[in-house]
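Examination of the molecular architecture
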Amino acid sequence: MCRYDVIAIGAGHAGIEAACASARMGQQTLLLTLKKDNIGAMSCNPAIGGVGKGQLVKEIDALGGVMARAADACAIQFRVLNASKGAAVQSSRAQIDMQMYNRYMKRRVAARKNLSIKEAEVKKIIVEDNAVKGIITASGDKISASAVIICPGTFLNGLIHIGLKNFSGGRINEPACCWLAQDLKELRFKMMRFKTGTCPRLDKESIDFSGLIIQQGDNPPRAFSFFSKRLTNRQVPCYITYTNERTHNIIRDNLGSSPLYTGVIRAAGVRYCPSIEDKVVKFGDRERHQIFLEPQGYKAKEIYPNGLSTSLPEDVQLKILHSIKGLERARVIRFGYGIEHEVIEPTQLNPTLEAKSIRNLYLAGQVNGTTGYEEAAAQGLIAGINAALRLKNREPFVLDRSTSYIGVLIDDLTTRGTLEPYRMFTSRVEYRLILREDNADLRLGKIGYDLGLLDKKDYKKITGKSQALSKAAVFLKTTRLKPGPAVNKKLALLGSAPIKKSFTLEEVLKRPEIHLQDLCRLDHIKLNLPAYVFPQIETEIKYAGFIERQKKQVEGFRNLEKIKLPAALNYSVISGLSREIREKLDSLRPFNLGQASRISGVTPAAVSILMVYLRKFHAHRQRLPGA
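First, a word on what this report is: a plain description of the structure on this page. (Residues numbered from 1 in each chain as written. Predicted model: local features only at pLDDT ≥ 70, side-chain atom pairs only at ≥ 80, totals over all residues. Heavy atoms only, no water.)

1. Topic: the sheet that holds strand β5 (residues 91–96)
In spatial order, the strands read β3-β5-β4; together these 3 strands make up an open sheet with antiparallel pairing. Of all the strands in the sheet, the pair left with one neighbour each is β3 (47–49) and β4 (75–81). Each strand of the sheet is rotated relative to its neighbour by a mean of 20 degrees, with strand direction disregarded. Bridging between β4 and β5 involves 6 bridges; their strand directions are antiparallel. Opposite F78, over in β5, you have A94 as the bridge partner. (Pairing = 2+ DSSP bridges. Helix = DSSP H or I, 4+ residues; strand = E, 2+ residues; numbered from the N terminus. Axes fitted to C-alpha atoms, helices over the stretch in contact; angles between N-to-C directions.)

Shown next as structure tokens:
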């Protein structure tokens, strides 16, 4: 029987990050996939990032993950979303050449030291004494392992829907994983069914782009990875079109053949990325819905009409497409479809993503109820790190809500659970002003370095940036701008009030209309700072009061997070707690008082009762002989 330290099941975005992290941390790791050619395949849209998702990718990068570097190597268009808004909600997004991304990930995985790849379907997880011992494949092979990470994407009992027809599949033209789904049920995991969907793929040559709105990328583009030297790929445009009343009437007339509206699909769908039929029904007052025509690569024939996810019959999909400007003669390469698949109730996991009921079994990605490449990759990274740490007998790695978007994602899942596919947004993050894209490397880079995921060269770049920011802060605090006719004239040209006394550059920069590069023009000031730190310096200075307020809120948050709850705590003996709260605490077994306070139904009064009980509990233990 073969033996590995860690086995990662599934070679999608979660499985790749999990396997690479484990291997990088010195564990002999096996990555299992149904098909080697599909390692890193982008199942749905040809893009990485987006609102809230871009932050996840930046944090993955800061910790030493793979996704950001892959995005930079394979991107064909870069854009910063919410660029006109505050820094707290700005998010990066890149259109990706899907074939390049697939090839990049296959090379990256194949080259990783300590990492092996095998084509196999997993039939059973071997569990003895509530601990993982390995897996059994569909062909009967037994592979021993000290830890297993399950990352199956949408393949668990996947059921594909096109109109009222449905058939088994993990994604189109690929089989579902039914044995593994059944095994998880036999291991007594609570399971749910979720639904997601995808758009039809269109023949580029059949689209009339001439009358459509063109959307170019940013110039200059902003890289995803903090460690990318420069972006050399040529940027290509996307195009925007819209549905119309005729489109909506076609959809309304054919709801009788929609699996969503005839009860064929009963699973919970994605609230924030609905199908076009859902949009038309739920937003009946809207005259049109925006459609982004996104190329799937430089040489690809396919165009992805983002916003047209559907599971309607093929003939209806054609009618819908031909009613839309620019798509009147569109030819379909592949029709859209909906897919139902099984997920676990994620409150059955610890914040390390280890199952509470089975030691050394980790789950990551869509199996935990999320949707999206970025959410999956973030979970895979954390699961891979924790599997490796467990085998090294080191303390587990948990990011809390005050440190990262990844911390918010995993805390939401493991504390609150989800009744529908979970998607990350900036609005979910309480401390988003201090958890920005631009400082993810400063927040998490040392952690990645200490874990062994970032090499010395990359970490040196982070420390260099930190030193440049510190130098800039001192310079702006100590350098003064003196009043005078020339200075005030330049201020007026910038739409700013004149000065009558000297001000520090920091004070001048706090004015909303003044930017860092403007200071150089005011009084022949030489900043001698690298341009890449300019936006971050401005944010730190202009939002200083708000940032300080959030830092104080974080201090209060961390006080609760520091109060650990014993794993074997008997909640039934704590007087003052309602039966409902006791049952929830006993079921979810929160790590600390902070996590307990975020469980639905756990009141502030209950948190106070727990705090008092813990003080008495620890005082009693200290009085015991030998304590």
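2. Some words on empty space enclosed by the protein
Leftover empty space is mapped by rolling, across the atoms, a probe with the size of a water molecule. Under the counting rule described, the total for this entry stands at 3 cavities of 30 Å³ or more. Approximately 80 Å³ is the volume found for the largest cavity. Taken together, E17, C20, A21, R24, G64, G65, V66, R108, R112, L381 and L453 form the lining of the largest cavity. Of all the elements, helix α1 (residues 13–24) adds the most residues to the lining of the largest cavity, at 4 residues. Taken together, the residues of the lining of the largest cavity break down into 5 nonpolar, 2 polar and 4 charged. (1 Å grid on protein atoms, 1.4 Å probe; cavity = no way out; pocket = protein on both sides within 12 Å on 5 of 7 lines; lining within 4 Å. Points joined across faces, edges and corners; volume = space filled by probe spheres on them. Nonpolar A, V, L, I, M, F, W, Y, C, P; charged D, E, K, R; others polar.)

3. Some points on the environment of E420
Note on placement: E420 falls in the loop between α10 (405–416) and α11 (440–451). Separated by 148 residues in the primary sequence, E420 and Y272 place their C-alpha atoms 10 Å from one another. If we skip the residues at most four places from it in the chain, E420 touches F194, A268, G269, R271, Y272 and G369. (Contact = heavy atoms within 4.5 Å.)

4. Quick word on the packing of aromatic side chains
Summed over all chains, the structure comprises 4 aromatic pairs. Residues F209 and Y239 carry aromatic rings whose centres are separated by 4.6 Å and whose planes lie at 40 degrees to one another, so their mutual orientation is tilted. Of this pair, F209 sits in the loop between β13 (201–203) and β14 (213–215) while Y239 sits in strand β15 (residues 238–242), and the two are 30 residues apart along the sequence. For Y239, a relative accessible area of 19% puts it in the buried group. Between Y431 and F557, the ring centres sit 5.9 Å apart and the planes meet at 65 degrees, which makes this aromatic pair edge-to-face. (Phe/Tyr/Trp six-rings, centres within 6.5 Å; stacked < 30°, edge-to-face > 60°. Buried < 20%, exposed > 50% of the residue type's maximum accessible area, 1.4 Å probe, protein only.)

5. Description of the sheet that holds strand β17 (residues 302–306)
Read from one edge of the open sheet, 6 strands run β14-β15-β16-β17-β13-β18, paired in antiparallel fashion. Bordering the open sheet on either side are β14 and β18 (332–334), each of which pairs with just one other strand. Each adjacent strand pair in this sheet contributes to an overall mean axis angle of 35 degrees, direction not counted. Where β15 and strand β16 (residues 290–295) come together, 4 bridges link them in antiparallel fashion. Its bridge partner being in β16, T241 is matched across the sheet by I291.

6. A few points about the layout of surface pockets
Of the voids in this model, the second largest pocket is the one considered here, and its volume is about 1300 Å³. Taken together, 34 residues line the second largest pocket, and the ones lying closest to its centre are R222, D438, Y532, P535 and Q536. Contributing elements (two or more residues each) for the lining of the second largest pocket: α12 (456–478) and α16 (534–542). Per-element tally for the lining of the second largest pocket: the top contributor is α16, with 5 residues. Classifying every residue of the lining of the second largest pocket gives 15 nonpolar, 7 polar and 12 charged.

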